[in-house]
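# Structural overview for review
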Amino acid sequence: MTSEPAIPVRRSRYADRLDVELWKYIDEVNSWYPPEIVAAPIAKQRAVYNRMCAAFHQARPEGVTTSDGLVATATHPIPVRHYRMAGNAAATVVYYHGGGFVLGDLDSHDDVCAEICAGTGFEVVSADYRLAPEHLHPASYDDALAVFEWVAATSTLPIVLCGESAGGNLAAAVAQATRRHERQAVGQMLIYPGLSSDETGRSYVEHAEAPLLSVSDIEFYRRIRSAPGQSQDDPTFSPIRDHDFSGLPPTIIVTAECDPLSSDGETYRDRILAAGGHAWWREEPRLVHSFLRARMTVPRAAEAFQRIVADISALGRGKWPY
C-alpha cells in the first residue's frame with residue numbers, strides 16, 4: 001500500500017525542521033502505513049501495521065537468545081517473549097510495546113527488545129497484552145500488571161519497567177500500582193509515552209499535526225480503548241491524573257520534540273520531583289513519534305536510542321545517571 005510521502009500540512013510545517021534522513025523515514029512509514037489507515041477496519045489496520053513492522057525489522061544481535069511462553073491468569077494466558085544473553089544478567093526489563101493499545105505484538109517490537117538485551121546485558125520480558133477494541137480498558141493494564149507480578153514472583157533480579165508510546169502509559173500505570181510492592185521496580189524508562197487525557201499542554205497545541213502522530217490520532221486511540229463511562233481521572237487509564245506521585249521508582253522519560261505527547265513527559269517529571277522523587281525528562285530535538293524505528297537510518301534517532309539503552313542499564317544497576 002502506498003500514499004503520498006506525507007500529508008501537505010504536516011510536510012510544510014516541518015519541512016525545514018526535520019533532517020533529510022528523518023523525512024526519508026517518515027515517507028517510508030507513510031508508504032507502508034498511510035495516515036488515512038485509521039479509517040480502515042481494525043483487522044486491516046493490524047495487517048498493514050504488521051507488514052510495516054516486518055519491513056523495518058532488524059536481525060537480533062549476535063548472542064541474544066529468545067524463548068516464548070505464557071503467563072497464566074484466572075481467565076486467560078498472556079504471551080511473553082524472554083530475551084537473554086550468556087552470563088549472569090544484573091536485571092530484568094519488563095517491556096510494553098507501543099501501538100495505540102490497538103496494534104502491535106511480540107513481533108512488532110522484537111528487534112528493539114533484542115537490542116536492549118544486547119546493549120544492557122539484562123534479561124528482557126516482552127508482554128503481549130490484550131488489545132482494543134476487542135478488549136477495552138482495563139484489559140491491557142490488567143495484563144501489564146499480571147506480567148510484572150509474574151516476573152516479580154519468578155525472578156530475583158531487579159526489575160526495570162520500560163514502555164514505548166501506549167506501552168509507556170502501561171509502564172507508568174504499573175509503576176504507580178506497585179510502588180509499595182515488595183519487589184517494586186528499581187526504575188522505569190518511558191519512551192514518548194501517552195500519559196494524559198488533557199490535550200491543552202504545550203506540545204499538544206504546537207504539534208497537533210506533527211508527522212506520524214497527530215492529536216486526532218491520539219483521540220482515536222483513546223476513544224477506541226475506552227470502556228463505557230470511562231473516567232479520565234482513572235490513573236490506570238491516564239497516569240498523569242493520579243493524585244499521589246510519591247514512592248515511584250527513579251524515572252526517565254524520553255520524548256520527541258515534534259510529537260504532541262512530549263508535554264506529558266515534562267508534566268510527569270515535574271509531579272514526581274514535586275513529590276520528592278527522582279525523575280528526568282529529555283526531549284530529543286528534531287525527532288518525531290516512533291523514532292526508535294528510525295534508529296538504523298537516522299543519526300539523531302540512533303544517538304537517542306543509545307542514550308535510552310545506557311539509561312536503562314544505569315537504572316537496572318541502581319545508578320541514577322542524572
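Regarding its fold elements, the chain presents 10 helices and 8 strands. Relative to the 2.2 N^0.38 estimate, which gives 20 Å for 322 residues, the radius of gyration of the chain is 18 Å and therefore close to what a compact globule would have. Seen along its three principal axes, the alpha-carbon backbone of the chain occupies a region of about 50 × 45 × 40 Å. Taken over 322 residues, the chain has a buried fraction of 57%. Within the chain, residue pairs in contact and separated by at least 24 positions form 76% of the contacts whose partners lie at least 6 positions apart.

Going through the model one piece at a time under the given rule, you end up with 7 aromatic pairs. Centroid distance Tyr 33 to Tyr 49: 5.8 Å. Interplanar angle 80°. Geometry classified as edge-to-face. With Tyr 33 in the loop between helix H2 (20–32) and helix H3 (42–56) and Tyr 49 in helix H3, this pair connects stretches of sequence that are 16 residues apart. For the pair Tyr 33 and Tyr 49, one class covers both residues: buried. With a centroid separation of 4.4 Å and an interplanar angle of 5°, the aromatic rings of Trp 280 and Tyr 322 are classed as stacked. Of this pair, Trp 280 sits in strand S8 (residues 279–288) while Tyr 322 is found in the segment after helix H10 (299–316), placing the two residues 42 residues apart along the sequence.

Along strand S6 (residues 187–191), 5 of the 5 residues are buried, which leaves the element largely enclosed by surrounding structure. Taking every second residue as pointing to the same face, both faces of S6 are buried, with Gly 187, Met 189 and Ile 191 on one and Gln 188 and Leu 190 on the other. Pairing of strand S5 (residues 159–164) with S6 involves 5 bridges; the strand directions are parallel. Bridging from a neighbouring strand, Val 160 pairs with Gly 187 of S6. A crossover connection joins S5 to the parallel S6 through helix H6 (residues 166–177); in handedness this β-α-β unit is right-handed. Direction of pairing for S6 relative to strand S7 (residues 251–258): parallel, over a ladder of 4 bridges. The partner of Gln 188 across the bridge, within S7, is Thr 251.

With 6 of its 6 residues buried, S5 lies for the most part within the structure. Where strand S3 (residues 92–96) lies against S5, 5 bridges are found, and the strand directions are parallel. Within S5, the position partnered with Tyr 95 by the bridge is Cys 162.

Before going further, it helps to spend a moment on helix H4 (residues 110–120). Of all 11 residues in H4, 9 are buried, a share of seventy percent or more. Among the residues making up H4, those that are buried are Asp 110, Asp 111, Val 112, Cys 113, Ala 114, Glu 115, Ile 116, Cys 117 and Thr 120. Where H4 is buried, its residues meet H3, strand S2 (77–84), S3, strand S4 (123–127) and H10. Two residues or fewer past H4, Gly 121 is found with a positive phi of approximately 80°.

Before going further, it helps to examine the sheet that holds S7. Taken in spatial order, the 8 strands line up as S1-S2-S4-S3-S5-S6-S7-S8 in an open sheet, and their pairing is mixed. Among the strands making up the open sheet, the edge pair consists of strand S1 (65–72) and S8. On average, adjacent strands in this sheet sit at an angle of 20° to one another, irrespective of strand direction. Examined bridge by bridge, S7 and S8 share 7 bridges and lie parallel to one another. Looking at the pairing, Thr 251 lines up with Ala 279 of S8. Helix-sheet contacts for H10 involve S3, S5, S6, S7 and S8, and the interaxial angle to S8 is about 165°.

What counts and how
Residues numbered from 1 in each chain as written. Predicted model: local features only at pLDDT ≥ 70, side-chain atom pairs only at ≥ 80, totals over all residues. Heavy atoms only, no water. Helix = DSSP H or I, 4+ residues; strand = E, 2+ residues; numbered from the N terminus. Rg over C-alpha atoms; globule rule 2.2 N^0.38 Å. Buried < 20%, exposed > 50% of the residue type's maximum accessible area, 1.4 Å probe, protein only. Contact = heavy atoms within 4.5 Å. Phe/Tyr/Trp six-rings, centres within 6.5 Å; stacked < 30°, edge-to-face > 60°. Pairing = 2+ DSSP bridges. Right-handed = clockwise from strand over helix to strand, strands pointing away. Axes fitted to C-alpha atoms, helices over the stretch in contact; angles between N-to-C directions.

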